Amino acid sequence: MKREKPGINTVCTHVGELQDKQYKGAISPLYMSSSYAYENVDVKRYPRYFNTPNQEGLCKKIAALELCEAALIFGSGMAAISHTLLAFLQKGDHLVLPKNLYGGTYNFVVEEFKKFGIEYSFAGGYKAADISEVIRANTKVLYIETPSNPLMEITDLEMVANIAREHGLITVIDNTFASPINQNPKLFGIDIMIHSATKYMGGHSDICAGAVAASEEKIKQIWNLAKNLGGSLSDYTVWLLERSIKTMAIRVKAQNRNAKKMAKWLDAHHLVQKVYYPGLKSHPDHEIAKRQMRGYTGMLSFELDPSIDINNFMDSLQLIKPSMSLAGIESTILSPIKTSHALLSENERKRQGIEDGLLRFSIGIEEKDDLVADIEQAFEKVTKKQLQNT
Ligand SMILES: *Cc1c(COP(=O)(O)O)cnc(C)c1O
């Protein structure tokens, strides 16, 4: 039987792998050389040129995962984001950003753009009118994040691509939360896909890296800047990331399944006020999510009943650990108002819809029943303690 293209697990496992011609080892050899014999004027291998064998191999894999011609990898997700934005924006240009934005990206734009003379606006919401409203004559880039952090709001990718086409804008998505397993924005006309590879691509909470996938032409433009800024990823981390991605589809699908079950369970719990998960039929954007996502991710957020003390609850969890990061194979939880969104004013938090009792839950690959048991025992402990105090 002839197959048109390999399946996702085959892509994860094999695309871009390097051959060990000397010993015929099973995996990609790790080339740590920072110096290579001069081949010709066009091929000068050097880590800061982003073209060592391991970097090139991994870029092929990431490009294939995002259905793109090319990719580049960086030392962090923020490096991928900052390089991409600075590669396409210059003095006098304008950038459109979503209302709720990853904190690091928000800080980068708000703290750094002034000195470059780049203007920006935040869209008031996720619908076409909210975005069109803030586009100006000098707008160059339309940047989105879907699902958003931490409320899992969904932006319609096709709608964004249409608006961009109408105004001649470059579209950039932070596709970290979805991962290429659950969402390929390219299919809907988005130009540039960015990942914090620290999250689902790495998946084991032991790598910090970033990636960008796009057309050859767009990647070349980012590369032109990247070679000057000089922030390439060490080949050892590149090699570890290649290994991690081999199991990404298996991990992410298991996390999708767990998250869907946990979302339903939490939704039915009397001590949970609200669950934000695009896989729930009750999610306002469920239909859009269904159209553009293959899975609904391992991320969800939920609001505790106001009677539950959030600190007590988090302290009482045993299996689920508090953590700033997300998307590892271990389940973690975070209170946005105490961490990622702590620096925002109360007004700004309210504007973004982030309540005091909100928890962001990154679901791992543990058995769902163990996660349920952990949350149940935490609720029991907290309610007992609160009864004693009254
Ligand atoms: C973590 C994260 C980033 C930043 O990635 P780093 O690897 O920490 O630099 C960007 N966007 C999203 C959605 C993230 O979760």
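Criteria and thresholds
Per-chain numbering applies: the sequence of each chain, read as written, is numbered from 1 onward. Local features in a predicted model are, by the rule used here, given only for residues with pLDDT of at least 70; side-chain atom pairs are given and counted only at 80 or more, and totals for whole chains, interfaces and linings are based on all residues. Processing note: side-chain calculations cover all non-hydrogen atoms of the structure and skip hydrogens and water entirely. Helix and strand assignments follow DSSP, with helices taken as H or I runs no shorter than four residues and strands as E runs no shorter than two, numbered in order from the N terminus. We call two residues in contact when some of their heavy atoms are within 4.5 Å. By the counting scheme adopted, Arg and Lys are positive, Glu and Asp are negative, and His together with the chain ends is not counted. In plain terms, the charge of a residue is placed at NZ if it is Lys, CZ if Arg, CG if Asp and CD if Glu. The residues that make up patches have over 30% relative accessible area and no salt bridge, and they are joined within 9 Å when like-charged or within 5 Å when they are Val, Leu, Ile, Met, Phe, Trp or Tyr. Residue exposure ignores everything except the shown protein chains as possible cover, and the areas themselves are Shrake-Rupley values with a 1.4 Å probe. Any Lys or Arg side-chain nitrogen located within 4 Å of an Asp or Glu carboxyl oxygen qualifies as a salt bridge. What makes two strands pair is DSSP finding at least two bridges between them. In this analysis an axis means a line fitted to C-alpha atoms, helices contributing only their contacting stretch, and an angle means the value between N-to-C directions, from 0 to 180 degrees. Accessible area is worked out with a 1.4 Å probe on protein chains only. A residue is then buried under 20% of its type maximum, exposed over 50%, and partly exposed in between. In this analysis, rings of Phe, Tyr and Trp, with Trp reduced to its six-membered ring, are considered paired at centre separations within 6.5 Å, and the interplanar angle assigns stacked below 30 degrees, edge-to-face beyond 60, and tilted for intermediate values. Polar contact criterion, stated in full: a pair of N or O atoms within 3.5 Å, where within protein one must be able to donate a hydrogen and the other to accept it, and residues adjacent in sequence count only if both atoms are side-chain atoms. A crossover counts as right-handed when, viewed with the strands pointing away from the observer, the path leading from the first strand over the helix to the second turns clockwise. Disulfides are defined as cysteine sulfur pairs within 2.5 Å. We call a residue near a molecule or strand when any one of its heavy atoms sits within 4 Å of it. All the domain ranges listed were derived from an automatic or database domain assignment. By definition, the buried area sums, over both parts, the 1.4 Å-probe accessible area that each loses when the two are put together.

1. Focus on the overall build of the chain
Summing up its helical and strand segments, the chain has 14 helices and twelve strands in all. C-alpha atoms of the chain, sized along the principal axes, occupy 80 × 55 × 45 Å. Within the chain, counting contacts between residues at least 6 apart in sequence, those at least 24 apart form 73% of the total. Here the chain contributes 46 positive and 45 negative side-chain charges, whose respective centroids are spaced 4 Å apart.

2. Section: a nonpolar patch on the surface
A contiguous nonpolar patch, built from Leu30, Met32 and Tyr236 and spanning about 280 Å² of accessible area, is present on the exposed surface. Tracing the chain through its elements places Tyr236 in helix H9 (residues 235–246).

3. Notes on the sheet that holds strand S10 (residues 321–322)
Read from one edge to the other, the open sheet built from five strands follows the order S8-S9-S12-S11-S10, with strand pairing classed as mixed. Of all strands in the sheet, those bounded by a partner on one side alone are strand S8 (272–276) and S10. Both strand S11 (residues 332–334) and strand S12 (residues 358–362) contribute to a ladder of three bridges, which runs antiparallel. Paired with Thr332 across the bridge in S12 is Ser362. Relative to the sheet, helix H10 (residues 248–267) contacts S8, strand S9 (299–304) and S12, its axis offset from that of S9 by approximately 15°.

4. Focus: unusual backbone geometry
Omega for the peptide link from Thr146 to Pro147 comes to -5°, which places this bond in the cis form. Relative to the elements of secondary structure, Pro147 occurs in the loop between strand S4 (139–145) and helix H6 (157–167). In this structure, Leu67 takes a positive phi of about 55° despite not being glycine. What makes Leu67 partly exposed here is its relative accessible area of 37%.

5. Focus: the packing of aromatic side chains
The final tally for this structure, using the stated rule, is eleven aromatic pairs. Ring centres of Tyr120 and Phe122 lie 5.9 Å apart, and the angle between their planes is 75°; on these two criteria the pair is classed as edge-to-face. Looking at Tyr120, the relative accessible area reads 28%, which means it is partly exposed. Residue Phe122 is classed as partly exposed on the basis of its relative accessible area of 25%.

6. Some points on the side chain of Asn182
By the secondary structure assignment, Asn182 is in helix H7 (residues 179–182). Using a relative accessible area of 2% as the deciding quantity, one classes Asn182 as buried. A polar contact of 2.8 Å, which involves the side chain of Asn182, links it to the side chain of Asn256. If we ignore the near neighbours within four places in the chain, the residues touching Asn182 are Val252, Asn256, Gln292, Met293, Arg294, Gly295, Tyr296 and Thr297.

7. Looking at the pairing of strand S2 (residues 94–97)
Burial along S2 is two-sided: the residues His94 and Val96 and Leu95 and Leu97 are all buried. Bridge analysis of S2 against strand S3 (residues 119–122) gives four bridges, and the strand direction is parallel. In the sheet register, Leu95 faces S3, and the bridge partner there is Tyr120. Note on the crossover from S2 through helix H4 (residues 103–116) to S3: the handedness is right-handed. Sheet topology note: the S2/S4 ladder contains three bridges and is parallel. Note on S4: the bridge partner recorded for Leu95 is Val141.

8. Considering the state of the cysteines
Summed over all chains, the structure comprises zero disulfides. Cysteine Cys59 remains unbridged, with the sulfur of Cys68 as its closest cysteine sulfur at 12 Å. Residue Cys59 is classed as buried on the basis of its relative accessible area of 8%. No disulfide involves Cys208; its nearest neighbouring cysteine sulfur is the one of Cys59, lying 16 Å away.

9. Comments concerning the site of the ligand
Near the ligand lie 13 residues; those nearest to it are Gly77, Met78, Asp174, Thr198 and Lys199. Ser196 is positioned with one of its side-chain polar atoms (N or O) 2.9 Å from an oxygen atom of the ligand. Between an oxygen atom of the ligand and a side-chain N or O atom of Lys199, the distance comes to 2.7 Å. Computed on the free molecule, the ligand has an accessible area of 380 Å², of which 91% lies beneath the protein chains in the complex.

10. Re the environment of Thr146
Turning to its location among the elements, Thr146 is positioned in the loop between S4 and H6. In sequence terms Thr146 and Ala289 are 143 residues apart; their C-alpha atoms lie 9.3 Å from each other. Setting aside its immediate chain neighbours within four residues, Thr146 contacts Glu153, Ile154, Thr155, Leu157, Ile173, Asp174, Asn175, Ala178, Gln183 and Gln292. For Thr146, the side chain forms a polar contact with the main-chain nitrogen of Thr155, separated by 2.9 Å.

11. What about the domain arrangement of the chain?
Along its sequence, the chain is carved into domain 1 (8–245) and domain 2 (249–388). A C-alpha centroid distance of 27 Å is found between domain 1 and domain 2. Each side of the interface is counted separately: domain 1 has 36 residues, and domain 2 has 38 residues. In this assembly, domain 1 packs against domain 2 so that about 3,200 Å² is buried in total across both faces, 54% of it on carbon and sulfur atoms. The tally of links from domain 1 across to domain 2 stands at two salt bridges. Between Arg291 and Asp156 there is a salt bridge, with the nearest N and O atoms lying 2.8 Å from each other. Listed by contribution, the elements that provide at least two residues to the side of domain 1 that touches domain 2 are helix H1 (8–14), H7 and H9.

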